[in-house]
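# Fold and geometry: a report
Here is how the chains run, residue by residue.
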Amino acid sequence: MRIFDPHIHMTSRTTDDYRAMHTAGVRALVEPSFWLGQPRTSPASFHDYFDSLLGWEPFRAAQYGIAHHCALALNPKEANDPRCIPLLDDLPRYLVKDNVVAVGEIGYDSMTPAEDTALATQLQLAADHGLPALIHTPHRDKRAGLRRTLDVLGESALPPERVLLDHLNETTIADATDSGCWLGFSIYPDTKMDEHRMVTLLRSHGTDRILVNSAADWGQSDPLKTRAVGDAMLAAGFTDDDVDQVLWRNPATFYGLSGRLRLEPPAPDTPVDHRTGNSTLRGGE
Ligand SMILES: [Zn+2]
């Protein structure tokens, strides 16, 4: 089973996770930028973070045979912090980088006017840079959040077929499907969607335009939930080809809209700056 996790925050995961993911079949992933769990105090904090998503994490992933790409953006929560908003002016110089395959994750957190502005601005940036967008739907008040998202999207220059709506569930799948966007589902160990609810949704909806991710980060989460969905699909009678469509071809097609996806990871011994001055390769390599 080959797996492409379209939304996972590897910066908060260990090398053991990379190893276990490779064993489970993960060969590619996209890491969207997000908040740190505590507020950033300036755009410079984002610059360092973006540089690590463009350099250090792809290097770390390559050690485990996984192709790493990223999506960059000002996240919805920090769009409310006046100290962070100037990042919007810096984004264009990051969005031209080879490894950036989308603008994201953007969307609503508390549905404030500042979030409206950041969402509209970043949808325009995606259109200007020929990139698709990853839009997170809010965890609270999901249906209202999705409707407001679709209103802003409708006024933007970005067509729905270049948008992935994420963190969907049974209450939002109908509106999301009607929008013409791609549909993302985050599978968590104990809350929100689990693999069995996901299989039930796949039975009624089919496998078209559906992406499944672990959204694993520094919170309660499991980077192997994509594999759990594949196993649950097979147990429920879906074919290997159905599983391949959901876990590989759909995310590859969506992020392939960027024209920048490279699904072979760089060779682990590719000489890059990260080899010097760090301890990742300690132990005789
Ligand atoms: Zn996320």
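The coordinates are above.
My aim in this report is to walk through the structure given alongside it, one point at a time.

Calculation rules
- Residues numbered from 1 in each chain as written.
- Predicted model: local features only at pLDDT ≥ 70, side-chain atom pairs only at ≥ 80, totals over all residues.
- Helix = DSSP H or I, 4+ residues; strand = E, 2+ residues; numbered from the N terminus.
- Rg over C-alpha atoms; globule rule 2.2 N^0.38 Å.
- Core = buried A, V, L, I, M, F, W, Y, C linked by C-beta atoms within 7 Å.
- Buried ≥ 20, exposed ≤ 12 C-beta atoms within 10 Å, placed from the backbone.
- Contact = placed C-beta atoms within 7 Å.
- Pairing = 2+ DSSP bridges.
- Right-handed = clockwise from strand over helix to strand, strands pointing away.
- Axes fitted to C-alpha atoms, helices over the stretch in contact; angles between N-to-C directions.

### Quick notes on the overall build of the chain
- Along the chain, the regular secondary structure elements total nine helices and eight strands.
- For 285 residues, the compact-globule estimate of 2.2 N^0.38 gives 19 Å, and the C-alpha radius of gyration of the chain, at 18 Å, lies within 12% of that figure.
- For the chain, the spread of C-alpha atoms along the three principal axes comes to 55 × 50 × 35 Å.

### Things to note about the nonpolar core
- A71, L72, V103 and A133 are the most contacted members of the largest nonpolar core, which totals 76 residues.
- Not counting residues within four places of it along the chain, the set of residues in contact with A71 comprises V30, P32, S33, V100, V101, A102, V103, G104, E105 and L134.

### Quick notes on the pairing of strand 6 (residues 163-166)
- Burial along strand 6 is two-sided: V163 and L165 and L164 and D166, pointing in opposite directions, are all buried.
- Bridging between strand 5 (residues 133-136) and strand 6 involves four bridges; their strand directions are parallel. Across the sheet, L134 pairs through a bridge with L164, a residue of strand 6.
- A crossover links strand 5 with its parallel partner strand 6, the connecting element being helix 5 (residues 142-154), and its sense is right-handed.
- With two bridges connecting them, strand 6 and strand 7 (residues 182-186) associate as parallel partners. Each bridged residue has a counterpart across the sheet, and for L164 the counterpart in strand 7 is W182.
- Once you follow strand 6 into helix 6 (residues 173-179) and on to strand 7, the crossover reads as right-handed.

### Details of the environment of L131
- Its location among the elements puts L131 in the loop between helix 4 (113-129) and strand 5.
- Classification of L131 by C-beta neighbours within 10 Å gives buried; the count is 25.
- On a C-alpha basis, the gap between L131 and V101 in space is 6.5 Å, while along the polypeptide they are 30 residues apart.
- Contacts of L131, omitting those with residues within four sequence positions, involve L95, V100, A102, V103, A126 and S258.

### Description of the sheet that holds strand 7
- Taken in spatial order, the eight strands make up an open sheet running 1-2-3-4-5-6-7-8, and their pairing is parallel. The open sheet has two free edges, formed respectively by strand 1 (3-5) and strand 8 (210-213), since each of these has just one partner strand. Sheet twist, expressed as the average angle between the axes of neighbouring strands with direction ignored, equals 25 degrees.
- Both strand 3 (residues 67-72) and strand 4 (residues 100-107) contribute to a ladder of three bridges, which runs parallel. Across the sheet, A71 pairs through a bridge with A102, a residue of strand 4.
- Sitting on the sheet, helix 4 touches strand 4 and strand 5, and the angle it makes with strand 4 is about 165 degrees.

### Remarks on unusual backbone geometry
- Cis geometry is found at the peptide bond from G104 to E105, where omega equals -10 degrees.
- Note on placement: E105 falls in strand 4.
- We note that H167 has phi near 60 degrees; this positive angle belongs to a residue other than glycine.
- Structurally, the position occupied by H167 is in the loop between strand 6 and helix 6.
- According to the C-beta neighbour criterion, H167 is buried, with 24 such atoms within 10 Å.
- Although it is not a glycine, A215 adopts a positive phi angle of roughly 45 degrees.
- Structurally, the position occupied by A215 is in the loop between strand 8 and helix 8 (225-235).
- Since 27 C-beta atoms lie within 10 Å of it, A215 is described here as buried.

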